[in-house]
Every structure is written in structure tokens, then in C-alpha cells.
Amino acid sequence: MFRERIKQAYESLTPSFKRLGEFILNNELDVAFMTATELARALGVDAATVVRFSQTLGYEGYRELSHEVQQVVKANLTAKYANFDQAKSNEDKIRALLENERHNLETTVSQVTDDASRLLNALSKARRVWLVGEAGALYLAAYFADYLRMAGVNAAVVDADPAAAARVLWDLGAKDLVIGLGIPGTGLDTAATLRFAKEKGAETATLTVSPVSPPAQVADLVLVCAANSPVGVPSAASITVMMAVLWQALLSRKGEAMAQHVAALQDTYAGLLAARAEQSKQSDINQLWREF
């Protein structure tokens, strides 16, 4: 598949070939209907460069590469940015954006590989799971860690800033799993953390919006989540959904233990509510107010 070929060859590509690869991965719907000349014009290169790029990936020429792109996106033509541009009301805009997110999810589904299964196995076996993020991705990491803990995983959040990461990853080892989140505009510190984790023998993975993002170039396991958006700011919806899918898949694998685990969560919640109610009865609200 062209996505895997581009990812595997990315590091060895020339700068112009890298631009072509990134453009194809981020604009599959458009590329599916572009000739070699049109693609070349869009990137400011000559058509021969597009042909050589295709041959570098192992295709006879651009026509063969283009045909493969068309096959991938053929079933996903319902998502068109024109729907958003032509929207008159707020309701129409919201519907168009939701349609775009549905398309992103369909694209994400089509990009699922064996890495997803391997990551699920790694999550269930790891001694500790570290969720690494920077900037906005740090909040997504916290969300993911919280739900993984609910699924019985020993998960924690790591700020990708080197000084912050050093305080918690000092004893990283072979039984640990480090997952970096690759969202647009970030990734260098996350990739560096993943590289450090690999040197320590830990298994690494990334949930990323691009198969050629910095974290994707380092991680052992890569799950690509489509993030196209008509407003110019890439969406994190597919990554969030992928997180939800992974922890649900973990729960479903527990079989009978899943029901017991969920029951234990419910009992714990009920117990905490009862304890709060009892504490409220025994507390002097006026005194608490004066201490505030």
C-alpha cells in the first residue's frame, strides 16, 4: 500500500520527494484525481520528478501509484469540503463538519494495520504504560491514561519536555510501553522521548495524524488517525476515538473478568458517594466555610 511505502522510504527520500510524500498522505482525495502534471504544479516541481518519486517507491510510474490511491479513497467520496464552504447556516456547517469527521474515521479505519493488534497486546502485557505528549497532546494523554487505568492498565502521563520527562522515566525498562501522541505542530520532544525509551529497551508506539510525523519515524508501532479539516486546523477527533476504541477493546478481551471489573468500578463509585454523604453529615459546614 502506498502509505506504507512512503513511510518506509521517507527517511531516505530527497527533500522534494518528501514534500510529495507528505502531500499525498495529507491530500489523498485530491491526489486521487490529479495527473502527474497537476500534482507537480501543486508542489512547484516538474512532472518527471513525480514519475521518479513513484518509481522510487517501487511503482512502474505515477499512473500505477495514482490508481492505488484511487482504490483507497473510492468508497470515501461523500466527504467534500465544498459542503462546508457552501453551508449557509450554523446547522449546515455543523453537519458538514460532522460529515468530514465521519470521513476521517472511515479513512482511519482503512489505515488500520497489524500494528493495532500488536499495540493491544502490548497494552495488556506491559508492566507500566507511559503516555507522552506535548502542548495540547498532553491533555489527550491524560484522557487516555485515565481510561486505560479504568481498563486495569498501570498508565501514567509524561510531559515530553526533557526536564519533566527525566523526573519520571529514570527507571524505564524493557517491560514498559511508551506511547507518544503525534498531533500537528508538535512531535519533536515526543519523538526524542520515544527514541530514549527504545534505547532503554522499552516498546514504543504512537497515535499520530501522519505516518511521517516525527513520532511515527521513531516508534515501533504506528497507528495513523486521519485529521483533515476544512478550517485549516487539523482535527484530533480520530485520535480521541482511537483511544476510546483501544480501551474498550482491552475491556472486551477480559471476558468474564470484564463484568467483574466493571462491577468493581461501580461498587467503588457507590462506596465513595456513600463516604462523602456520611462525611457531610459529620462536618460543620459553617466551620468549613470559615476555613476556606
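Anything mentioned here points back to the structure above.
Below, the structure is looked at part by part. (Residues numbered from 1 in each chain as written. Predicted model: local features only at pLDDT ≥ 70, side-chain atom pairs only at ≥ 80, totals over all residues. Heavy atoms only, no water.)

**Thoughts on the nonpolar core**
This is how the line gets drawn: Put simply, a nonpolar core is a bunch of buried Ala, Val, Leu, Ile, Met, Phe, Trp, Tyr and Cys residues held in one set by side-chain atoms that sit within 4.5 Å of each other. Relative accessibility under 20% of the residue-type maximum defines a buried residue, over 50% an exposed one, and the middle range a partly exposed one, all with a 1.4 Å probe and only protein chains included. Going along the chain from the N terminus, every DSSP run of H or I of four or more residues is numbered as a helix, and every run of E of two or more is numbered as a strand. Contact definition: two residues touch when any of their heavy atoms are within 4.5 Å.
Counting 37 residues, the largest nonpolar core has Leu119, Val129, Leu131, Leu148, Ile179 and Leu207 as its most contacted members. The set of elements that each furnish at least two residues to this core consists of helix H9 (114–125), strand E1 (128–133), helix H10 (137–150), strand E3 (176–182), strand E4 (203–208), strand E5 (221–224) and helix H14 (237–253). With nine residues, H14 is the single largest residue contributor to this core. Ignoring any residue separated from it by four or fewer positions in sequence, one finds Leu131 in contact with Ala141, Phe144, Ala145, Leu148, Ala155, Ala156, Val157, Val158 and Ile179. By size, the runner-up hydrophobic cluster in this structure holds 27 residues, among which are Phe23, Ile24, Phe53 and Tyr62.

**Observations concerning the pattern of salt bridges**
Under the convention used in this document: Any Lys or Arg side-chain nitrogen located within 4 Å of an Asp or Glu carboxyl oxygen qualifies as a salt bridge.
A complete count under the given rule lists nine salt bridges for this structure. Asp115 is the partner of Arg118 in a salt bridge, and the nearest nitrogen-oxygen pair spans 3.1 Å. Linking Arg118 with Asp115, this pair stays in helix H9, spanning three residues, or about one helical turn. A relative accessible area of 14% means that Asp115 is categorised as buried. One salt bridge in this structure joins Asp171 and Arg128, with 3.1 Å as the shortest N-O distance. Linking Asp171 in the loop between helix H11 (162–166) and E3 with Arg128 in strand E1, this pair joins segments that are 43 residues apart in sequence. Residue classification places Asp171 among the partly exposed positions, given a relative accessible area of 30%. Each member of the salt-bridge network shares a partner with another, and the members are Arg127, Arg128, Asp171 and Asp176.

**Here's the deal with empty space enclosed by the protein**
Which parts of space are left empty comes out when a probe the size of a water molecule is rolled across the atoms. For clarity, the threshold we go by: Cavities and pockets were defined on a 1 Å grid built from protein atoms only: a cavity is a group of points that admits a 1.4 Å probe but offers it no way out, a pocket is an open group of points flanked by protein on both sides within 12 Å along at least five of seven lines, and a lining residue is one with an atom within 4 Å of any such point. Grid points are joined across faces, edges and corners, and a volume is the space filled by probe spheres set on the points. When residues are sorted by character, Ala, Val, Leu, Ile, Met, Phe, Trp, Tyr, Cys and Pro go into the nonpolar class, Asp, Glu, Lys and Arg into the charged class, and all the rest, Gly among them, into the polar class.
Applying the stated criterion across every chain, the model contains one cavity of 30 Å³ or more. Every residue along the wall of the largest cavity is listed here: Thr108, Gln111, Val112, Thr113, Ala116, Val222, Leu223, Val224 and Met242. Broken down by element, the lining of the largest cavity gets its largest block of residues, three residues, from E5. Partitioned by chemical class, the residues of the lining of the largest cavity number six nonpolar, three polar and no charged.

**Focus: the environment of Ala197**
Tracing the chain through its elements places Ala197 in helix H12 (residues 188–199). The spacing of Ala197 and Glu99 is 98 residues in sequence and 38 Å in space, taken between C-alpha atoms.

**A few points about the side chain of Thr49**
Locating Thr49 in the fold gives a position in helix H5 (residues 47–56). Classification of Thr49 as buried rests on a relative accessible area of 8%. Aside from chain neighbours lying at most four places away, what touches Thr49 is Ser16, Phe17 and Leu20.

**Observations concerning the pairing of E4**
Consecutive side chains along a regular strand alternate between the two faces of the sheet. Rule in force here: Only when DSSP finds a minimum of two bridges between them are two strands counted as paired. Consider the strands pointing away from the viewer: the crossover is right-handed when the path from the first strand over the helix to the second runs clockwise.
The element E4 is largely enclosed, with a buried count of five among its six residues. Judged from the six bridges that link them, E3 and E4 form a sheet pairing that is parallel. Paired with Val178 across the bridge in E4 is Thr204. For the crossover from E3 across H12 to E4, the handedness is right-handed. Both E4 and E5 contribute to a ladder of four bridges, which runs parallel. Pairing of Leu207 across the sheet is with Leu223, part of E5.

Without other data, these values stay purely geometric and don't point to any function.
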